[in-house]
Amino acid sequence: RPEPVSFESLRHEAQDRARKPYMPELGRLPMSLADLDYDEYRAIEYRPKRALWASDGLPFEVEFFHRGYLFPKRVRIFVLQHGQASEVHFSPKMFDYSRSTVQPDRLPEDLGFAGFRLLVALHPMERYSEFVSFLGASYFRARGAGEVFGASARGLSVGMGSPDEEFPFFDAFWIEKPAANAKTITVYASMDSPSLTGVYRFDISPGIETRVDVHADVFARTTLARVGVAPLTSMYFYGLNGPVPPENDRPEVHDSDGLLIAGHSSEWIWRPLWNPKTLSLSTFEIASVNGFGLMQRDRDPCDYNDSGALYQKRPNIWVEPLKPWQGRGVQLLELPSNWEGQDNIGVCWLPPEEALAAGSLALAYRLHFGESAREPANLGKVASTRWSESGGAGARFELDFSPGAGGPDSQVAASAAAAKITTTTGQVGSVWTRPDPSGKYWRLTFEATPQVDQIMDIRVFLQQGGRRFTEVWSFAWPR
């Protein structure tokens, strides 16, 4: 029977649940589903004709993910229409098991779902295709028109990168049925975990750049600590700034190649990503930001040589606060990885300690998924980063900067540029700035030598006459 539901009612429910002990869901997943591997799980296919609203002529459709493999949790899903919520119930008739070893007649009637995906025709002549999906913990991903899925977002992180990291999860969704001419679809979600509860509202608008407006309220069960806001995850296996693994003919393999941060002081910071030998956790101590994101700047298919993965079409994800964010800065996690199927990159905003001490958080931000996600308009950008070890712990760096609209001259070779380099420790020498052979970029080379057993944070930008005309290149060495 339909029940009235609103964001406010879900908020009160989350706040009430935070006052009670955490109660994990009881019941085990059938072994036939729990033991599935990646290929066996993908063999279970959703029947397109069973998509929600498939025969209603609406701009959006919904398909559901089967439980199994890495997705054991049962997620309740409701349709919300005119403020009334009706639950969508699992049926094996929704899925095609013909390529799978799973026997549908042996599945429990209350199996439920692992998540869902939203479909839309991103172009008038296209068929409906997936552009957003919610699957696993609080993970969700999106893409713009002409792109393939890559980096993901999360609802919240708790202790990112620590051995006891907690993964809050969305345990229920309410999908609002759209109007016939709707350009946006709204999804509500309830969050649960041992240390907190929450309610989220996602207003999702597909297009060349898919936009997701996020509003959320989070409540502490114990003490809010180690919380990361607007967390993003991605994969960086290797690129131009590192060795290519043996027996691999692809020059680069990554969903994102850098972290970009826009500070309130008009300073833009670029940190190239890296697959480290050991866990690396960096914090950019910035009191407030205009935004940050994981970017895929290299769009040349020849740099990937992979007609299947299409890494050059992976979307950027840009986080834009909808109200001013004050806090402790942006945190970047880089994990060692020997497989491109593993997300080893994480980034989030660290809210101020006093906000966490209050026991609740109100969040409002916008996510931009697409190649056209935000970049500095009038500053030169870092076009490439290369380095090589130069003996001991030292390294030789070679950076290429585009001049940008704010550069000294559109003809790089016609003007002089000076490098401004600062470090927290160690020494820098052999600095040389010149045009690259093509005449399209400024090339900067320098050597960096850290002090023994210390990490040197390096910051570099180009200037002319004391005026900065490029973004800031940031790196930590040794890695």
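To be clear, the structure that these remarks concern was listed above.
Throughout what follows, the structure given in this document is the object of discussion. As the structure is a prediction and not an experimental result, all values here were calculated from the model.

Reading guide: rules and limits
- Residues numbered from 1 in each chain as written.
- Predicted model: local features only at pLDDT ≥ 70, side-chain atom pairs only at ≥ 80, totals over all residues.
- Heavy atoms only, no water.
- Helix = DSSP H or I, 4+ residues; strand = E, 2+ residues; numbered from the N terminus.
- Rg over C-alpha atoms; globule rule 2.2 N^0.38 Å.
- Buried < 20%, exposed > 50% of the residue type's maximum accessible area, 1.4 Å probe, protein only.
- Contact = heavy atoms within 4.5 Å.
- Areas by Shrake-Rupley, 256 points an atom, 1.4 Å probe, with all protein chains shown as cover.
- Lys, Arg positive; Asp, Glu negative; His and termini not counted.
- Charge placed at Lys NZ, Arg CZ, Asp CG, Glu CD.
- Expected span 1.5 Å × (residues − 1).
- Arc of directions from axis to C-beta.
- Patch = residues over 30% accessible without salt bridge, like charges linked within 9 Å, V, L, I, M, F, W, Y side chains within 5 Å.
- Salt bridge = Lys/Arg side-chain N within 4 Å of Asp/Glu carboxyl O.
- Polar contact = N/O pair within 3.5 Å; in protein donor to acceptor, adjacent residues only side chain to side chain.
- Phe/Tyr/Trp six-rings, centres within 6.5 Å; stacked < 30°, edge-to-face > 60°.
- Lys NZ or Arg CZ within 6 Å of the ring centre and 35° of its normal.
- Pairing = 2+ DSSP bridges.
- Axes fitted to C-alpha atoms, helices over the stretch in contact; angles between N-to-C directions.
- Core = buried A, V, L, I, M, F, W, Y, C linked by side-chain atoms within 4.5 Å.

## Some points on the overall build of the protein chain
So, step 1. Summing up its helical and strand segments, the protein chain has four helices and 35 strands in all.
So, step 2. Expected size for 479 residues packed as a compact globule is a radius of gyration near 23 Å; at 24 Å, the protein chain falls within 12% of this value.
So, step 3. On the principal axes, the C-alpha backbone points of the protein chain span a range of 75 × 50 × 45 Å.
So, step 4. Taking all 479 residues of the protein chain together, the buried fraction comes to 54%.
So, step 5. A separation threshold of at least 6 residues defines the contact pool for the protein chain, and within that pool the share at least 24 residues apart is 67%.
So, step 6. Of the roughly 21,800 Å² of accessible surface on the protein chain, a fraction of 50% belongs to carbon and sulfur atoms.
So, step 7. Both charge centroids of the protein chain, one from 50 positive and one from 59 negative side chains, sit 3 Å from each other.

## Let's talk about helix H1 (residues 7-18)
So, step 1. Taking 1.5 Å per residue, twelve residues should reach 16 Å; H1 reaches 16 Å between its end C-alpha atoms and fits that length.
So, step 2. Within H1, the full set of buried residues consists of Phe7, Leu10, Ala14 and Ala18. Down the axis of H1, the buried side of the element spans an arc of 80°, and every buried residue falls inside it.
So, step 3. Residues of H1 that are buried make contact with strand E12 (169-176), strand E13 (185-192), strand E14 (196-205) and strand E15 (210-220).

## Here we look at a negative patch on the surface
So, step 1. Together, Asp35, Asp37, Asp39 and Glu40 line one region of the surface with negative charge.
So, step 2. Relative to the assigned elements, Asp35 resides in the loop between helix H2 (31-34) and helix H3 (38-42).
So, step 3. Using a relative accessible area of 54% as the deciding quantity, one classes Asp35 as exposed.

## Observations regarding the side chain of Thr197
So, step 1. If you trace the backbone, Thr197 turns up in strand E14.
So, step 2. Classification of Thr197 as buried rests on a relative accessible area of 0%.
So, step 3. Engagement of the side chain of Thr197 in a polar contact is seen with the backbone oxygen of Ala14, the distance being 2.7 Å.
So, step 4. Here Thr197 is in contact with Ala14, Gln15, Arg17, Ala18, Met191, Asp192, Asp217, Val218, Phe219 and Arg221, once residues within four sequence places are set aside.

## What about the packing of aromatic side chains?
So, step 1. Considering all chains together, one arrives at 38 aromatic pairs under this definition.
So, step 2. Pairing Trp473 with Phe475 gives two aromatic rings, centres 5.5 Å apart and planes at 20°, and the pair type is stacked. Phe475 carries the same exposure label as Trp473, and that label is buried.
So, step 3. Each member of the aromatic cluster is reached from another via a ring pair, and the members are Phe116, Phe134, Phe140, Phe170, Phe173, Tyr200 and Phe202.
So, step 4. Arg141 extends its terminal NZ or CZ atom over the ring of Phe149, reaching a point 4.1 Å from the ring centre.
So, step 5. The residue whose ring lies beneath Arg143 is Phe149, and the NZ or CZ to ring-centre distance is 5.8 Å.

## With respect to unusual backbone geometry
So, step 1. The step from Trp477 to Pro478 runs through a cis peptide bond, and the omega angle for that step is 0°.
So, step 2. Mapping Pro478 onto the fold places it in the segment after strand E35 (472-477).
So, step 3. Despite not being glycine, Trp53 has its phi angle at roughly 70°, a positive value.
So, step 4. For Trp53, the position within the fold is in the loop between strand E2 (45-46) and strand E3 (60-65).

## A look at the sheet that holds strand E31 (residues 427-435)
So, step 1. Taken together, four strands build an open sheet; the order of strands is E28-E29-E32-E31 and the sheet is antiparallel. What marks the edges here is a single partner per strand, and that holds for strand E28 (382-389) and E31. Within the sheet, the average angular offset between the axes of one strand and its neighbour, ignoring direction, is 15°.
So, step 2. With seven bridges joining them, strand E29 (residues 395-401) and strand E32 (residues 442-449) adopt antiparallel strand pairing. The residue of E32 that forms the bridge with Glu398 is Thr445.

## Quick notes on the pairing of E29
So, step 1. Burial analysis of E29 places six of its seven residues in the buried class, the great majority of the element.
So, step 2. Relative to E29, E28 runs antiparallel, the two sharing seven bridges. In the strand pairing of E29, Glu389 is matched with Ala395.
So, step 3. Following E28, the chain reverses through five residues before pairing antiparallel with E29; Gly391 in that reversal takes a positive phi of roughly 100°.

## A short note on the environment of Tyr311
So, step 1. With respect to the helices, strands and loops of the structure, Tyr311 is situated in the loop between strand E22 (288-295) and strand E23 (316-321).
So, step 2. Since its relative accessible area comes to 3%, Tyr311 is described here as buried.
So, step 3. Distance from Tyr311 to Asp298, taken between C-alpha atoms, is 9.0 Å for residues 13 residues apart in sequence.
So, step 4. Apart from residues no more than four positions distant in its own chain, Tyr311 is found in contact with Met235, Arg250, Val253, His254, Asp255, Gln296, Tyr304, Asp306 and Glu340.
So, step 5. Separated by 2.4 Å, the side chains of Tyr311 and Glu340 make a polar contact.

## A short note on the nonpolar core
So, step 1. Counting residues in hydrophobic clusters, the biggest one holds 89 residues, and the most contacted among them are Phe116, Tyr200, Phe202, Ile204, Phe292 and Leu367.
So, step 2. Here Phe116 is in contact with Val62, Glu63, Phe64, Phe65, Ile77, Ser133, Phe134, Phe173, Ile175 and Val187, once residues within four sequence places are set aside.
So, step 3. Counting residues in each nonpolar core, the second largest holds 27 residues, with Trp268, Trp387, Met456 and Phe469 among its members.

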